[in-house]
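# Examination of the molecular architecture
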Amino acid sequence: MSKAEVAVNTARNSFKNGTTKPYEFRLQQLKALLKLIEENSKELVEEARKDFKKPKFELVLYELEYVKNEILEAMHNLKEWMKPRKVTKPLPFILDKVFVYPEPYGVVLIIGPWNYPFMLLFSPFIGAIAAGNCAVLKPSEITPNMAYLTEKLIPKYLDPNCYHVITGGIPETTQLLEHRFDYIFYTGNTNVGKIIQRAASKYLTPVTLELGGKSPVYVDNTADVELAAGRILWGKCVNSGQSCIAPDYILCTKEVEQKLLKAAKMKIRQWYGEDIQSSPDYGRIVNHNHFQRVIKLLEGANVALGGSYNAEECFIEPTIIVDVKSSDPVMQEEIFGPVLPIVNVANAADAINFINEREKPLALYVFSNDKKIQDLFLKNTSSGNYTVNDTMMHFSCDSIPFGAKINKYLPVRPHIMEHKGKTSKKKSLGSFLLPNKVPNKVGVAVIRSQSAK
Ligand code: NAD
């Protein structure tokens, strides 16, 4: 039997035994996960550094602490999430008791990407544990050190029959996908997303696909340009631009562009000094293939800021390019690197047309102090998230939906109807896995005041 087969069969048997269903078990496993992070944070930082020089503060703040908070939130809400909920009743059921009962799916497959190798694997895992599922985790082969550490730590801290880690690349994932799962949670690029969806359809397995895309930024002449430059560049420099919701490109007038460039130069120097390559706070592109892909986007570009790189180190300086046309290669795909193109538009209406002519963005950012302009974008565009006067911060606002996060509102489907006094219980066909793993394409807005950060 292959490793995948052993993992899936063992997990399936454990689920059938009902091991993962009791509240006490779920709580104990969540506590064990917390302990795993607390006792191994140094090693986790070290392995992420080996993989792609991820700065220590980035791993600690955006991955370890983030996941710890999600575990604490799950532990805090677990009892509440597990409770049956009374629902409003249509007239024919007025004398009946009608409830929604949360119910785990069964065996869940979680496939993670390399860019936040800990957080994007463990965050959906918390949901799977909290909802009473067994799980098979598949970390990305592109960050092998983190993958092997995950493989070593999970069975040491968590129930080894219920939770499994399979390492490896495309052949191993392909083999895994031949098995029947009850839910698949995939984070990564769109092309592989289609492969996952096809594999899942064989068993009609429900999926959450956390994919990528280009997230535009619009800056107008009422914005505080210095603040805008800082927040846009922060979003672009964290993880060297390798974040799914990183600001991908800027839309603004030539006049705003000049002011932005001036402010951007100051910010970069202030953050990383004169020699960015030697700054411990600036990471690297994950491997040579991705490095070459990003560098190619700079061919023939008009570089207004940065532009230097080092192939051996997979280092690319934060780079702003100007005079960019919509037909340029850099505008055809998600950049996923520290390159920021500026496309000039005449006004907000022009920017809205530009955005609406393309795929719906994962995130949309508008920097403006004009309420009418903020509302214009809100009403006339559609995106996974819409944030005013900031970038990426919506990800940490846990009261709004985002696919890879636990949310307070658990949209459980199965329900049991208790006809007054009798015990006839009808189970609905649907069932739901994770505490509100809402797909990204839910429009939500965060409006931040200029003085908020
Ligand atoms: P990746 O190359 O690590 O792939 C992701 C996972 O898919 C890995 O575990 C890998 O083994 C598996 N995989 C790769 N090719 C496969 C194949 N042919 N068949 C089956 N499995 C396969 O990561 P990536 O795709 O480069 O990740 C970056 C992308 O992920 C970007 O587009 C980014 O925007 C997106 N992303 C989205 C989110 C989100 O929350 N929406 C978060 C992070 C990253």
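Because the structure is predicted, anything quoted here is derived from the model rather than measured. (Residues numbered from 1 in each chain as written. Predicted model: local features only at pLDDT ≥ 70, side-chain atom pairs only at ≥ 80, totals over all residues. Heavy atoms only, no water.)

## Section: the UniProt feature "active site" (unreviewed entry) in the protein
Our working rule: UniProt positions are given in the numbering used here, feature names are shortened, and annotations may be inferred rather than shown by experiment. Starting at the N terminus, helices and strands are each numbered in turn, a helix being any DSSP run of H or I of at least four residues and a strand any DSSP run of E of at least two. For each residue, the accessible area found with a 1.4 Å probe, counting protein chains only, is set against the maximum for its type, and the residue is called buried under 20%, exposed over 50%, and partly exposed in between.
When the UniProt feature table is mapped to this numbering, "active site" (unreviewed entry) covers E210. Position of E210 relative to the elements: it lies in strand β7 (residues 207-210). Look at E210 and you get buried, because its relative accessible area is 3%.

## Description of the environment of N161
Spelled out, the test is: Here, two residues are considered to be in contact whenever any of their heavy atoms come within 4.5 Å of each other.
Along the chain, N161 falls in the loop between α5 (144-157) and β5 (163-165). Those residues within four positions of N161 in sequence are excluded, and the remaining contacts are T10, A11 and S14.

## Structural notes on the nonpolar core
Quick reminder of the rule: Among the buried residues, those of types Ala, Val, Leu, Ile, Met, Phe, Trp, Tyr and Cys that are joined through side-chain atoms within 4.5 Å form a nonpolar core.
Among the nonpolar cores identified, the biggest contains 104 residues, and F125, L158 and V219 are the most heavily contacted of them. In terms of residues, this core owes the most to one element, helix α2 (residues 23-52), which gives 12 residues. The contacts of V219, once residues within four sequence positions are left out, are A228, I232, I250, L251, C252, V256, L260 and F367. Core analysis: the second largest hydrophobic core is formed by 30 residues, F291, I352, F354 and I355 among them.

## Some details on a nonpolar patch on the surface
Stated precisely, the cut-off is as follows: The patch calculation keeps residues exceeding 30% relative accessible area without a salt bridge and links them within 9 Å when they carry like charges or within 5 Å when they are nonpolar (Val, Leu, Ile, Met, Phe, Trp, Tyr). Using the Shrake-Rupley algorithm and a 1.4 Å probe, accessible areas are obtained, with residue cover drawn only from the displayed protein chains. Only one rule defines a salt bridge in this text: a Lys or Arg side-chain nitrogen within 4 Å of an Asp or Glu carboxyl oxygen.
Taken together, the side chains of L91, I94 and L95 present a nonpolar region at the surface, about 360 Å² in accessible area. Note on placement: I94 falls in the loop between β1 (85-86) and β2 (97-100). Residue I94 is classed as partly exposed on the basis of its relative accessible area of 49%.

## Some points on the packing of aromatic side chains
Inclusion rule: Stacked, tilted and edge-to-face are the three classes applied to pairs of Phe, Tyr and Trp rings, where Trp contributes its six-membered ring and a pair requires centres within 6.5 Å; stacked means planes under 30 degrees apart, edge-to-face means over 60, and tilted covers the rest. Criterion for a charge above a ring: Lys NZ or Arg CZ within 6 Å of the ring centre, and within 35 degrees of the ring normal.
Under the criterion given, the structure shown has 16 aromatic pairs. Taking 5.5 Å as the distance between ring centres and 80° as the angle between the ring planes, the aromatic pair formed by W114 and F336 counts as edge-to-face. Of the two residues, W114 sits in the loop between β3 (107-111) and α4 (119-130) while F336 sits in the loop between β13 (319-322) and β14 (339-344), which places them 222 residues apart along the sequence. F336 carries the same exposure label as W114, and that label is buried. Each ring, one from Y272 and one from Y282, has its centre 5.1 Å from the other, and the planes form 65°; the classification is edge-to-face. Here the residue Y272 occupies a position in helix α9 (residues 254-272), and Y282 occupies one in the loop between α9 and α10 (288-296), the gap between them amounting to 10 residues. Accessibility assignment for this pair places Y272 and Y282 in one class, buried. In this structure an aromatic cluster arises from ring pairing among F118, F122, F125 and Y163. Lying over the aromatic face of Y116, K54 brings its terminal NZ or CZ to 4.2 Å of the ring centre.

## A word on the pattern of salt bridges
Inspection of the entire model under this criterion finds 22 salt bridges. In this structure, the salt-bridge partner of D390 is R231, at a minimum N-O distance of 4.0 Å. Of this pair, D390 sits in the loop between β16 (385-388) and β17 (415-418) while R231 sits in helix α8 (residues 225-237), placing them 159 residues apart in sequence. Of the two residues examined, D390 and R231, each falls in the buried class. Salt-bridge contacts for R358 lead to E357; the nearest nitrogen and oxygen are separated by 3.8 Å.

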